[in-house]
Amino acid sequence: MKPFHVYGMGNALVDIDFEVKRQTLERLNIDKGVMTLIDESTHHRLLEELDGIKHLKECGGSAGNTIFTLQQLGAKTFFSCKVGNDESGRFYYQTLTAEGICTNLNENLYSGITGKCIVLVTPDADRTMNTFLGITATFSKAELSEESLKNSEYLYIEGFLAASSTGCEAAIVAREMAEKYGVKTALCLSDPNMVMYFKSELHNIIGKQVDIIFSNEHEALLFTETNYIDDAKEALKKYAKSFVITQGDKGAILYDGKQFYHVPAYPVKVLDTVGAGDTFAGTFLYGITQGYDYLHAGKLANLAASKVVAKFGPRLSNGHILEIKKNIVKETKILVPRSTNCLY
């Protein structure tokens with residue numbers, strides 16, 4: 001057994017989640033349902049515009065949410081990231097250490113401003129992200145820990161790193177390190193805008209092939225340049241030995257390298273989709289590092305995602321964790337609401 005189940009890397013962002021109406025997005029001229037990079041002045045302007053609206057502050061970032069999920073479930077994790085020596089950075093570092101997550105960070109944080117993500121959640125439960133990267137825009141290979149990476153079962157790379165030249169280089173270097181030491185590799189495509197504008201960078205991060213790609217249906221179609229999910233499923237085999245395509249209320253498609261499965265979604269009232277894909281990825285990785293096959297890991301991941309979307313904010317509560325663990329029974333059979341269909 002290696003000391004770490006998963007070594008994650010990505011943008012460390014303090015998420016500020018607001019509940020807003022669709023008209024607010026229109027008034028602020030913000031594209032709905034995607035992630036948009038913004039500068040510091042725009043960040044401050046949006047916060048002023050949103051002053052007085054109910055909000056929630058959490059340590060986030062895509063890979064950060066995934067690593068937090070893994071650690072909550074009982075996995076051993078390491079997270080490479082970069083935050084500034086400010087109030088937000090200290091909040092992020094203290095939260096990581098309180099959860100027991102190992103990291104390249106220490107009490108002497110970097111000089112700079114910690115990145116933040118303004119997340120706007122509309123009544124349809126869709127999330128729109130406006131991200132000021134701050135110091136995480138300079139995340140680089142210097143923040144990697146080769147010793148920790150080689151002592152991990154999986155490397156998990158956040159696709160948002162493709163937007164930064166130094167972040168993209170760090171992802172490539174980490175993937176090469178993982179291949180050198182026999183560590184399995186996983187990549188999350190992260191967002192449709194990342195696929196649209198940074199596809200070549202994502203290809204460079206993937207190299208010849210990664211072990212797992214995590215994607216939603218929209219991202220999978222954009223990445224493979226196909227119009228139908230069946231075509232996207234076949235095309236993704238070129239880039240990954242296995243993959244997961246989440247489909248919202250339609251569930252998820254899993255490919256374990258040999259056959260496809262469909263895992264249905266849990267019927268819940270969706271309030272907020274922030275962190276749903278990250279939670280799915282974290283729970284799925286937890287499952288396969290604990291010896292579950294893809295089918296049972298996918299069932300567990302859908303259960304966890306259903307808990308996150310039924311509440312405000314990206315994190316599972318302690319009560320959710322207990323409920324999820326109660327659903328893990330003998331022989332790794334996990335209780336699900338409907339039957340699971342093998343597609344092929």
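Look up: the structure comes first, before these words.
Residues numbered from 1 in each chain as written. Predicted model: local features only at pLDDT ≥ 70, side-chain atom pairs only at ≥ 80, totals over all residues. Heavy atoms only, no water.

**With respect to the pairing of strand β7 (residues 115-121)**
Link 1 in the chain: With respect to burial, β7 is a largely interior element, seven of its seven residues being buried.
Link 2 in the chain: Alternating positions in β7 separate into two faces, G115, C117, V119 and V121 on one and K116, I118 and L120 on the other, with burial throughout.
Link 3 in the chain: With seven bridges joining them, strand β2 (residues 13-19) and β7 adopt parallel strand pairing. Bridging across to β7, D17 finds its partner in V119. (Buried < 20%, exposed > 50% of the residue type's maximum accessible area, 1.4 Å probe, protein only. Helix = DSSP H or I, 4+ residues; strand = E, 2+ residues; numbered from the N terminus. Pairing = 2+ DSSP bridges.)

**A closer look at the side chain of E158**
Link 1 in the chain: In this fold, E158 is placed in strand β9 (residues 152-158).
Link 2 in the chain: Separated by 2.9 Å, the side chain of E158 and the backbone nitrogen of A63 make a polar contact.
Link 3 in the chain: With near-sequence residues (within four places) excluded, E158 lies in contact with M9, G10, N11, G61, S62, A63, L187, C188 and S190. (Polar contact = N/O pair within 3.5 Å; in protein donor to acceptor, adjacent residues only side chain to side chain. Contact = heavy atoms within 4.5 Å.)

**Some points on the pattern of salt bridges**
Opposite charge on two side chains makes pairing possible when the charged atoms of those side chains draw close.
Link 1 in the chain: In this structure the tally under the stated criterion is 15 salt bridges.
Link 2 in the chain: Residue R27 pairs with E49 through a salt bridge whose shortest N-O separation is 3.0 Å. Note that R27 is positioned in helix α1 (residues 22-28) and E49 in helix α2 (residues 40-49), a separation of 22 residues in sequence.
Link 3 in the chain: What makes R27 exposed here is its relative accessible area of 52%.
Link 4 in the chain: In this structure, the salt-bridge partner of E234 is K237, at a minimum N-O distance of 3.0 Å.
Link 5 in the chain: In the salt-bridge network here, residues are joined through shared partners; they are K32, D124 and D126. (Salt bridge = Lys/Arg side-chain N within 4 Å of Asp/Glu carboxyl O.)

**Re helix α6 (residues 165-181)**
Link 1 in the chain: Taking 1.5 Å per residue as the helical rise, α6 with its 17 residues ought to reach 24 Å, and the 25 Å between its terminal C-alpha atoms agrees with that figure.
Link 2 in the chain: Looking only at α6, the buried set comprises G167, C168, A170, A171, V173, A174, R175, M177 and A178.
Link 3 in the chain: Residues of α6 that are buried sit in contact with β1 (4-9), α5 (146-150), β9, β10 (184-188) and α8 (199-206).
Link 4 in the chain: Immediately beyond the C-terminal end of α6, within one or two residues, lies G182, with a positive phi of roughly 75 degrees. (Expected span 1.5 Å × (residues − 1).)

**Quick look at the packing of aromatic side chains**
Link 1 in the chain: Per the counting criterion, the structure on display carries 10 aromatic pairs.
Link 2 in the chain: Their ring planes at 10 degrees and their centres at 6.3 Å tell us that F280 and F284 sit as a pair that is stacked. In this pair, F280 and F284 are both assigned in helix α11 (residues 276-289), four residues apart and thus about one turn of the helix distant.
Link 3 in the chain: Every member of this aromatic cluster is reached through a ring pair, and the members are Y156, F214, F280, F284 and Y294.
Link 4 in the chain: The cationic tip of K233 hangs over the ring face of F260; the distance from NZ or CZ to the ring centre is 4.5 Å. (Phe/Tyr/Trp six-rings, centres within 6.5 Å; stacked < 30°, edge-to-face > 60°. Lys NZ or Arg CZ within 6 Å of the ring centre and 35° of its normal.)

**A look at the nonpolar core**
Link 1 in the chain: Counting residues in each nonpolar core, the largest one holds 51 residues, and the members touching the most others are M9, L144, L155, I157, I213 and F223.
Link 2 in the chain: The greatest single-element share of this core, amounting to seven residues, is contributed by α6.
Link 3 in the chain: Counting residues in hydrophobic clusters, the runner-up holds 50 residues, among them F68, Y93, V244 and A281. (Core = buried A, V, L, I, M, F, W, Y, C linked by side-chain atoms within 4.5 Å.)

**Here's the deal with the sheet that holds strand β3 (residues 35-37)**
Link 1 in the chain: Ordered in space as β3-β8-β7-β2-β4, the five strands form an open sheet in which the pairing is mixed. If you trace the sheet from one side to the other, it starts and ends with β3 and β4 (55-60), each paired once. Ignoring which end each strand starts from, the neighbouring axes of this sheet average 20 degrees apart.
Link 2 in the chain: Strand contacts of α2: β2, β7 and β8 (127-132), with the helix running at about 40 degrees to β7, the strand carrying the most contacts.
Link 3 in the chain: Its contacts with the sheet put helix α4 (residues 87-99) on β2, β4 and β7, and the angle it makes with β4 is roughly 65 degrees. (Axes fitted to C-alpha atoms, helices over the stretch in contact; angles between N-to-C directions.)

**Section: the environment of A163**
Link 1 in the chain: Mapping A163 onto the fold places it in the loop between β9 and α6.
Link 2 in the chain: Ignoring anything within four residues of it in the chain, the contact list for A163 reads L37, M194 and F198.

**A few points about the environment of C117**
Link 1 in the chain: Relative to the elements of secondary structure, C117 occurs in strand β7.
Link 2 in the chain: The sequence separation of C117 and T24 amounts to 93 residues, and the corresponding C-alpha distance is 17 Å.
Link 3 in the chain: Those residues in contact with C117, other than ones at most four positions away along the chain, are L13, V14, D15, I16, M129, N130 and T131.

So yeah, pure geometry; function would need other evidence.
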